[in-house]
Amino acid sequence: MKKYFIQFLLLVTAGSAFAQNNNSNYKYSLNLNNVADDKLQVTLLTPGLKVKETVFHLPKMVPGTYAIADYGRYISDLKAFDHKGNPLKTDRTDSNSWKITEADRLAKITYIVDDSWDSPEVKGVEIFQPAGTNIDKDKMFVINNFGFFGYFDGQKSIPFEITVTKPADFYGSTSLKAHHVNATTDHYSVPDYYSLADAPMMYNRPDTTTLNIGGTEVLVSIYSPNQKATSAAIAKVIRPTLEAQKEYLGGKLPVDKYAFIIALTDNKKIRSYGALEHSYSSLYFLPEYFSPEKLAENIKNAGSHEFFHIVTPLSIHSHEIGEFDYDSPKMSEHLWMYEGLTEYAAHHMQVKYGIITFPEYLKVQTDKLDNAMRYNDTLAFTKMSKGVLDTYEKEYGNVYEKGALIGLCLDIKLRQLSKGKYGTQNLMADLSKTYGKTKSFNDDELFATITKLTYPEIGEFLNTYVSGTKKLPYKEIFAAIGVDYEPFVMVKRAGMGKIGIGYNGKSLFIAETKGMNDFGKKMGYQKGDVFISINGKTIPDASLLQQFLTTLREQTKEGDQLTVVVSRKDSTGRENVITLSQPVELQDEKQYNVLKEFPELTAEQAALRKAWLNTGKN
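Residues numbered from 1 in each chain as written. Predicted model: local features only at pLDDT ≥ 70, side-chain atom pairs only at ≥ 80, totals over all residues. Heavy atoms only, no water.

Observations regarding the layout of surface pockets
When its volume is computed, the second largest pocket comes out at roughly 960 Å³. Contributing to the lining of the second largest pocket are 36 residues, with Tyr-194, Ser-195, Asp-198, Ser-279 and Lys-437 lying nearest its centre. The set of elements that each furnish at least two residues to the lining of the second largest pocket consists of β15 (185–190), α2 (193–197), β20 (274–277) and α5 (319–322). Of all the elements, α2 adds the most residues to the lining of the second largest pocket, at three residues. Its residues placed into classes, the lining of the second largest pocket shows 18 nonpolar, eleven polar and seven charged. (1 Å grid on protein atoms, 1.4 Å probe; cavity = no way out; pocket = protein on both sides within 12 Å on 5 of 7 lines; lining within 4 Å. Points joined across faces, edges and corners; volume = space filled by probe spheres on them. Helix = DSSP H or I, 4+ residues; strand = E, 2+ residues; numbered from the N terminus. Nonpolar A, V, L, I, M, F, W, Y, C, P; charged D, E, K, R; others polar.)

Spelled out as structure tokens, the structure:
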């Protein structure tokens, strides 16, 4: 009797609340046990709406990606119901939006989510994996929340509750604080959609390590399908970098919890790897075939960049970022700061605290100078930034190259003007105090604010080189710290014969011979030749390939024998192993962006370099 009485009360209570729909927030539920064809159903008990018609959206784009994604493409079978379970009319108006009539009666929505990592049937541009979703039953789930959960027009700033039902031995890695209801249920509460979209989750059988860095809890979580990497090994490598970043930021980190969420893949067909930053976490997608040392080094280098995003855009951002429009995204002018200064700080921190040497640091800058040559150097950086989604989409990569060089030049300029006492570290700290997490700036006011905080010459620098079209004054800037910069010098260098070399994920091959020089012709290369070995050394995997070829060129001297073994198909399609060999001939070649330390530094140069590299805490 008592058992039935309790059940009756629960039914009445639940039915009554559902009928009145007094919800003031979104109540989402997701069951990771119920996977069908790599798809999951999402259920939403909706907030009470007082309008006759509404539109339900998934984002067109999300912050940090700088590319249109159209997450709604992966949503199907969306249905809307009133409190009695009666269906309401829905119309899909575009890839990401559904119009719902009689919205004042709306109580529940259900829909199916397909994962972006493995859905070749979904048309459109592939989503960058760290910004995508993965549904792999009983193995691993990547839940970038903006790929699973949507919002109504004008209703992004109210609370969201997410309930995740999971296998008992799975753990959810995220920067969000979870309420573990029981062994199979996690509950999350966030104040708004911006907070939800900013906090990815990864569910799998856990391999986690927690570090304490200056009072901040840092979670390192990894999914390695074949257990070739561990969180403990990664944590050990990145810890010194995190400690240095803490010092770089003044001895304390501005967050209580941070999560490194690392998903490895053994799918060698995938060629797009990387990371995506968030305010309190970063999500990595990397190949499992990397050696443990190479993997840790990649995460350390990428992580030093992503981790610095806890400064910008977390504490320093424009209205375009702070109130991001997921449906009709508008870009800020200041990618030079969001990405460029972040990338600069990631490397400056490493040389300042002894993680890399000064010659190694100069090599990084040489690489950035070389890579920046691929882009339009006379295009105003603010103009590129504003139009990076369309007109200047192909220029985006320059934010990590010239953007970082802008940071270097700005830092040196600031330290020159302040006699070494003030640099970009101080500037970012002052901008954080001026604005902070809850206060956005107007795009067209930032330069004036920076000028007010620093010097008139800095305003002139920003207007000339960042919003202007003039090339950065590399010669002057590098000379100030005792380094000579030459745009190019003529050198004699060994070459392979000016052949076009390709790599298909498995093999190194000759992709083109049209520009082949006399040495290449003497070698007897043919288009399609697949390299087996060079000078007796087998071709390494992708992670070591560039270094292998660079070392070959740098160490080969005139008169040395170059011996290449290739596999070549004959007219019948049969594979033949052929050895090609010739004495090396050095060729005159332009070497671009040469950085070389002066043999002797002036007192002024020595003082500025010391202030720039060795000031300790700021």
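Quick notes on the pairing of strand β27 (residues 561–569)
Bridging between strand β25 (residues 530–534) and β27 involves four bridges; their strand directions are antiparallel. Pairing of Ser-533 across the sheet is with Val-565, part of β27. (Pairing = 2+ DSSP bridges.)

What to know about the sheet that holds strand β13 (residues 171–174)
Paired through their backbone hydrogen bonds, the strands of a sheet run either parallel or antiparallel. Read across the open sheet, the four strands follow the order β9-β10-β16-β13; overall the sheet is antiparallel. Across the chains shown, the open sheet's two edge strands, defined by having one partner strand only, are β9 (134–136) and β13. The average undirected angle you get between the axes of adjacent strands in this sheet is 20°. Here β13 pairs with strand β16 (residues 201–204) via four bridges, running antiparallel. Residue pairing across strands places Tyr-171 opposite Asn-204, the latter belonging to β16. (Axes fitted to C-alpha atoms, helices over the stretch in contact; angles between N-to-C directions.)

Observations regarding empty space enclosed by the protein
A probe matching the size of a water molecule, rolled over the atoms, marks out where space remains unfilled. Evaluated as defined, the whole model comprises four cavities of 30 Å³ or more. A volume near 60 Å³ is recorded for the largest cavity. As for the largest cavity, its lining consists of Ala-494, Gly-495, Met-496, Leu-552, Arg-553, Thr-556, Leu-562 and Val-584. Each residue belonging to the lining of the largest cavity can be placed in one class, and the counts come to five nonpolar, two polar and one charged.

With respect to the nonpolar core
Tyr-28, Phe-56, Ile-109, Trp-336 and Met-337 are the most contacted members of the largest nonpolar core, which has 145 residues in total. When residues in this core are grouped by element, the largest group, ten residues, is from helix α6 (residues 335–352). In this structure Trp-336 touches Leu-341, Phe-381, Gly-403, Ile-406, Leu-410, Leu-446, Phe-447, Ile-450, Leu-462 and Val-466, once residues within four positions along its chain are discounted. If you look at the next biggest cluster of nonpolar residues, it comprises 21 residues, including Phe-519, Ile-534, Leu-552 and Leu-562. (Core = buried A, V, L, I, M, F, W, Y, C linked by side-chain atoms within 4.5 Å. Buried < 20%, exposed > 50% of the residue type's maximum accessible area, 1.4 Å probe, protein only. Contact = heavy atoms within 4.5 Å.)

Quick look at the sheet that holds strand β6 (residues 90–94)
As summarised here, the arrangement of the four strands in space is β6-β7-β3-β11, forming an open sheet in which the pairing is antiparallel. The open sheet has two edge strands, β6 and β11 (151–152), and neither has a second partner. As defined by bridge partners, strand β3 (residues 53–57) adjoins β11 across two bridges and the pair is classed as antiparallel. Note on β11: the bridge partner recorded for His-57 is Tyr-151.

Topic: the environment of Tyr-375
As for its placement among the helices and strands, Tyr-375 is situated in the loop between α7 (358–372) and α8 (381–386). In sequence terms Tyr-375 and Glu-401 are 26 residues apart; their C-alpha atoms lie 9.5 Å from each other.

Considerations on helix α10 (residues 424–434)
Residues of α10 that are buried include every one of Thr-424, Gln-425, Asn-426, Leu-427, Met-428 and Leu-431, and no others. Remark: Gly-436 follows α10 within two positions and exhibits a positive phi of approximately 95°.

What about the side chain of Gln-245?
Structurally, Gln-245 is set in helix α3 (residues 231–248). Only 2.8 Å separates the side chain of Gln-245 from the backbone oxygen of Ser-304, close enough to count as a polar contact. Each residue touching Gln-245, except ones within four places of it in the same chain, is listed here: Gly-303, Ser-304, Phe-307, Phe-308 and Met-349. (Polar contact = N/O pair within 3.5 Å; in protein donor to acceptor, adjacent residues only side chain to side chain.)

Side note on the packing of helix α4 (residues 292–307) against α6
The interhelical angle for the contact between α4 and α6, taken along N-to-C directions, is 125°, at an axis separation of 8 Å. In terms of orientation, α4 and α6 fall into the oblique class. When the axes of α4 and α6 are compared, the crossing they make is right-handed. Residue-level inspection shows Lys-300, Asn-301, Ser-304 and His-305 of α4 in contact with α6, the latter providing Glu-339, Thr-342, Glu-343, Ala-346, Met-349 and Gln-350. Class assignment of the residues belonging to the contact of α4 with α6 gives a composition of two nonpolar, five polar and three charged. (Parallel < 35°, antiparallel > 145°, perpendicular 65-115°, else oblique. Left-handed = near helix turned anticlockwise from the far one by under 90°.)

A look at unusual backbone geometry
In the segment running from Thr-312 into Pro-313, the intervening peptide bond is cis, with an omega of 15°. In this structure, Pro-313 sits in the loop between α4 and α5. The phi dihedral of Asn-535 falls on the positive side, at around 50°, and the residue is not glycine. Positive phi is not limited to glycine here, since Asn-593 has a value of about 55°. Here Asn-593 lies in strand β29 (residues 587–597).

Focus: the side chain of Lys-402
Relative to the helices and strands, Lys-402 resides in helix α9 (residues 402–417). Assessed through its relative accessible area of 2%, Lys-402 is described here as buried. Lys-402 has contacts with Ala-372, Asp-377, Leu-379, Phe-381, Leu-472 and Tyr-474, leaving out every residue within four places of it along the chain.

Notes on the confidence of the model for the protein
Per-residue confidence for the protein gives a mean pLDDT of 92, with 96% of residues at or over 70. Scored below 50 in pLDDT, residues 1–19 shows seven contacts in the model against residues more than four places distant or in partner chains. (pLDDT = per-residue confidence, 0-100.)

A short note on the pairing of strand β28 (residues 575–583)
One ladder, built from nine bridges, connects β27 with β28; its direction is antiparallel. Counterpart to Thr-563 in the pairing with β28 is Ser-581. The turn linking β27 back onto β28 is made up of five residues, and Gly-573 within it adopts a positive phi angle of 90°.

Examining the environment of Asn-504
Tracing the backbone shows Asn-504 in the loop between β23 (500–503) and β24 (508–512). Expressed as a C-alpha distance, the spacing of Asn-504 and Pro-240, which sit 264 residues apart in the sequence, is 35 Å. Side-chain polar atoms of Asn-504 contact the backbone nitrogen of Lys-506, separated by 2.9 Å. From its side chain, Asn-504 meets the backbone nitrogen of Ser-507 in a polar contact 2.7 Å long.

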